[in-house]
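Architecture and fold: a report
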Amino acid sequence: MSSITDVESTLSRISSHKGVKGVLICNHSGSAIRSSLPPDETEQYSALISQLASKASSVTRTLDAEDDLTFLRIRSKKHEIMVAPDKEFLLIVVQDPEMGGE
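The shown structure was predicted, so the numbers you read here are calculated from the model rather than taken from an experiment.

1. What about the UniProt feature "domain: Roadblock/LAMTOR2" (unreviewed entry) in the protein chain?
This chain's UniProt record puts "domain: Roadblock/LAMTOR2" (unreviewed entry) on residues 7-95. Along residues 7-95 one finds 38% helix and 33% strand; the C-alpha atoms at either end are 19 Å apart.

2. Here we look at helix α2 (residues 39-63)
Relative to the 36 Å expected for 25 residues at 1.5 Å per residue, α2 spans 36 Å between its end C-alpha atoms, a close match to the ideal helical length. Residues of α2 that are buried make contact with β1 (20-27), β2 (32-35), β3 (72-75), β4 (80-85) and β5 (89-95).

3. Let's talk about the nonpolar core
Formed by 14 residues in total, the largest nonpolar core has its most connected members in Tyr45, Ile81, Val83 and Ile92. Mapped by element, the contributors of at least two residues to this core are β1, α2, β4 and β5. With 4 residues, the single largest contributor to this core is α2. Filtering out sequence-adjacent residues up to four positions away, Ile92 remains in contact with Gly22, Val23, Leu24, Cys26, Tyr45, Ile49, Ile81, Met82 and Val83. Counting residues in each nonpolar core, the second largest holds 7 residues, with Leu11, Val20, Ile25 and Val93 among its members.

4. Regarding the pattern of salt bridges
If you walk through the whole model with that rule in mind, you get 4 salt bridges. Across the pair Arg34 and Glu8 runs a salt bridge, and its minimum N-O distance is 2.8 Å. Separated by 26 residues along the polypeptide, Arg34 in strand β2 and Glu8 in helix α1 (residues 2-15) bring together distant segments of the chain. Here Arg75 ties to Glu80 by a salt bridge, and the two come within 3.9 Å at their closest N and O atoms. For Arg75, a relative accessible area of 54% translates into the label exposed. Members of the salt-bridge network, linked through shared partners, are Arg73, Arg75 and Glu80.

5. A look at the sheet that holds β5
In space, the 5 strands of this open sheet follow the order β2-β1-β5-β4-β3, with antiparallel pairing throughout. Edge positions in the open sheet fall to β2 and β3, since each of these has one partner strand only. On average, adjacent strands in this sheet sit at an angle of 15° to one another, irrespective of strand direction. Relative to β5, β4 runs antiparallel, the two being bridged by 6 bridges. Bridged to Glu80 within β5 is Gln95.

6. A closer look at the side chain of Glu80
Structurally, Glu80 can be placed in strand β4. A polar contact of 2.7 Å, which involves the side chain of Glu80, links it to the side chain of Arg73. One polar contact links Glu80 to Gln95, side chain to side chain, over a distance of 2.7 Å. Not counting residues within four places of it along the chain, the set of residues in contact with Glu80 comprises Arg73, Ile74, Arg75, Val93, Val94, Gln95 and Pro97.

Parameters at a glance
- Residues numbered from 1 in each chain as written.
- Predicted model: local features only at pLDDT ≥ 70, side-chain atom pairs only at ≥ 80, totals over all residues.
- Heavy atoms only, no water.
- UniProt positions renumbered as here; feature names shortened; annotations may be inferred.
- Helix = DSSP H or I, 4+ residues; strand = E, 2+ residues; numbered from the N terminus.
- Expected span 1.5 Å × (residues − 1).
- Contact = heavy atoms within 4.5 Å.
- Core = buried A, V, L, I, M, F, W, Y, C linked by side-chain atoms within 4.5 Å.
- Buried < 20%, exposed > 50% of the residue type's maximum accessible area, 1.4 Å probe, protein only.
- Salt bridge = Lys/Arg side-chain N within 4 Å of Asp/Glu carboxyl O.
- Pairing = 2+ DSSP bridges.
- Axes fitted to C-alpha atoms, helices over the stretch in contact; angles between N-to-C directions.
- Polar contact = N/O pair within 3.5 Å; in protein donor to acceptor, adjacent residues only side chain to side chain.

What follows is the structure, encoded as structure tokens:
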């Protein structure tokens, strides 16, 4: 079960970054699997961001059938949402754009 330990370690590492408000993993239909956000925010982010990621992936494929969405970043005045899609899951990180970043 080292993969579970690896996942927990990675989530913990991401969560410890300055400005990170929450990290969640959900499937492509929007069901949360693991989250550090409050339950109501988890439900909202997982449902809405999974739909947005699906649409962004579809647009990417429509523009170039040989291309795939690898990362999606959304920035507003209050939040920065980063999405890393995988075959089965989405990794979503919500952070304060003033505190986090590169």
